[in-house]
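# Results of the structural survey
So you can see what is in the structure, the chains are spelled out below.
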Amino acid sequence: MDKILEQLETLVERYAELQELMSDPEVINDTKRYMAYSKEEADMRDIVNAFNHYKELQQSIKDSDEIMRETDDAEMQAMAKDEMNSSKEEAEKLEHEITLLMLPKDPNDDKNIIMEIRGAAGGDEASLFAADLLSMYSKYAEKQGWTFDIIDENSTEVGGYKDVAVMITGKRVYSKLKYENGAHRVQRIPSTESAGRVHTSTATVAVMPEYDEVDIDLDPKDIRTDVYRSSGAGGQHINKTSSAVRMTHIPTGIVVAMQDQRSQQQNREKAMQILKSRVYDYYESENQSEYDEKRKSAVGTGDRSERIRTYNYPQNRVTDHRIGLSLNKLDRIMNGELDEIIDALIVNDQTQKLEQIQSGETKLF
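Every chain begins its residue count from 1, and numbering advances along the sequence as written. Per-residue local features are limited, in this predicted model, to residues with pLDDT of at least 70; the limit for side-chain atom pairs, both in listing and counting, is 80 or more; totals at the level of whole chains, interfaces and linings are taken over all residues. In computing side-chain properties, one takes all heavy atoms of the structure into account and sets aside hydrogens as well as water.

Here is the rule we go by: UniProt positions are given in the numbering used here, feature names are shortened, and annotations may be inferred rather than shown by experiment.
If you check an unreviewed UniProt entry, the protein chain appears there as Peptide chain release factor 1. Per its UniProt entry, the protein chain bears the Function (unreviewed entry) comment "Peptide chain release factor 1 directs the termination of translation in response to the peptide chain termination codons UAG and UAA." Check the Subcellular location (unreviewed entry) section of the UniProt entry for the protein chain; it says "Cytoplasm".

### Considerations on the sheet that holds strand β2 (residues 147–155)
Sheet strands pair by backbone hydrogen bonding; their relative direction is either parallel or antiparallel. Inclusion rule: Two strands pair under a simple rule: DSSP has to find at least two bridges between them. The secondary structure listing takes helices from DSSP runs of H or I that are at least 4 residues long and strands from runs of E that are at least 2 residues long, numbered from the N terminus. An axis is simply a line fitted to the C-alpha atoms; with a helix, the fit covers only the stretch in contact. Between two such axes, the angle follows the N-to-C directions and lies from 0 to 180 degrees.
With respect to topology, eight strands assemble into an open sheet ordered β2-β3-β1-β5-β4-β9-β10-β11, the strand pairing being mixed. On the outer flanks of this sheet lie β2 and β11 (325–327), each paired with one strand and no other. Neighbour-to-neighbour, the strand axes of the sheet open up by a mean angle of 15 degrees, direction not taken into account. In this structure, strand β4 (residues 182–188) lies alongside strand β5 (residues 199–209), joined through seven bridges in antiparallel fashion. Of the residues in β5, the one forming a bridge with histidine 184 is alanine 203.

### Points about the packing of aromatic side chains
Just so we agree on the cut-off: Two aromatic rings from Phe, Tyr or Trp, using only the six-membered ring of Trp, form a pair when their centres are within 6.5 Å; if the ring planes differ by under 30 degrees the pair is stacked, by over 60 it is edge-to-face, and anything between is tilted. Exposure classes here rest on a 1.4 Å probe applied to the protein chains alone. A residue is buried below 20% of its type maximum, exposed above 50%, and partly exposed in between.
All chains considered together, the criterion is met by two aromatic pairs. Seen from their ring centres, phenylalanine 129 and tyrosine 311 are 5.4 Å apart, and the 65 degrees between their planes marks the pair as edge-to-face. Remark: tyrosine 311 occurs in strand β9 (residues 307–312) and phenylalanine 129 occurs in helix α5 (residues 124–144); sequence separation between them is 182 residues. Residue phenylalanine 129 is classed as buried on the basis of its relative accessible area of 0%. Here tyrosine 311 falls in the buried class, since its relative accessible area comes to 0%.

This is the structure we're talking about:
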């Protein structure tokens, strides 16, 4: 905690500096600078307020100790002791709260996401499992009060998905669903299996923050755009016009096809939105890979090929392999009750960050 308190003093100084800057007429007239300072100040506010209260509690403990040492009045000593014990208990809780507030924040936590789910190993059963995962996330999003929109899909004849992309919007979506990145394994008797044998299949989940224009600017020369007639539902309008759009980012080879919107312009906009997020995610993943070579994250690298979770239907069990958590609640989890798993992953992530801070490997800010 001593290291954290030292860094907090520096943070308080910066907070005071920001408040002065925000009252400077020159800054007030510069909207961009003022907004930047305002966001930085807002991000610090809870930490600074908590730290100021912590210092007040420490002073109260000191004052109570002095009273106990300087007075012979038994009643005064008892009151001072009660006050000191109460302040110590509150300060201890506040230390933990401050530590969590000071953990390095993921800049993408407040963003909406694009989620891609793909049937992987297992043929038809993998595509059906992809559909089950889609349903699970849809129900979870509904419980969170988020908006869940399918923006692209490639379905199979058995009612599953080869791949499906969704946009999930709402409050702090990425902060909760970023841990879903990876390979999900299912063990169950397929509906198509007459012999009743348990099969193992997989589906992969990719979670990408929705990036703003300021986050990434793709060079138009690097994008090849093809238009074609949609093969999806929609009647004569879709079949008679080239409304579907396929965009290829030449440097990375990433391809996005969009045909679900009614007009070509709408498909272009959606395709570009997804392409930007996928390209940005591609380059960010490269940077993450470099970091992961030095130190593996406790909740996994988030690599698409990493098996993160197993859904065992015969035993009604879900196991998250990254944190060794097993829950015999598969039916409830598939119904969108993901909070227990996600909360455990968040706590584990926070614990790892605390260990990095205590070892001096990571600075708080």
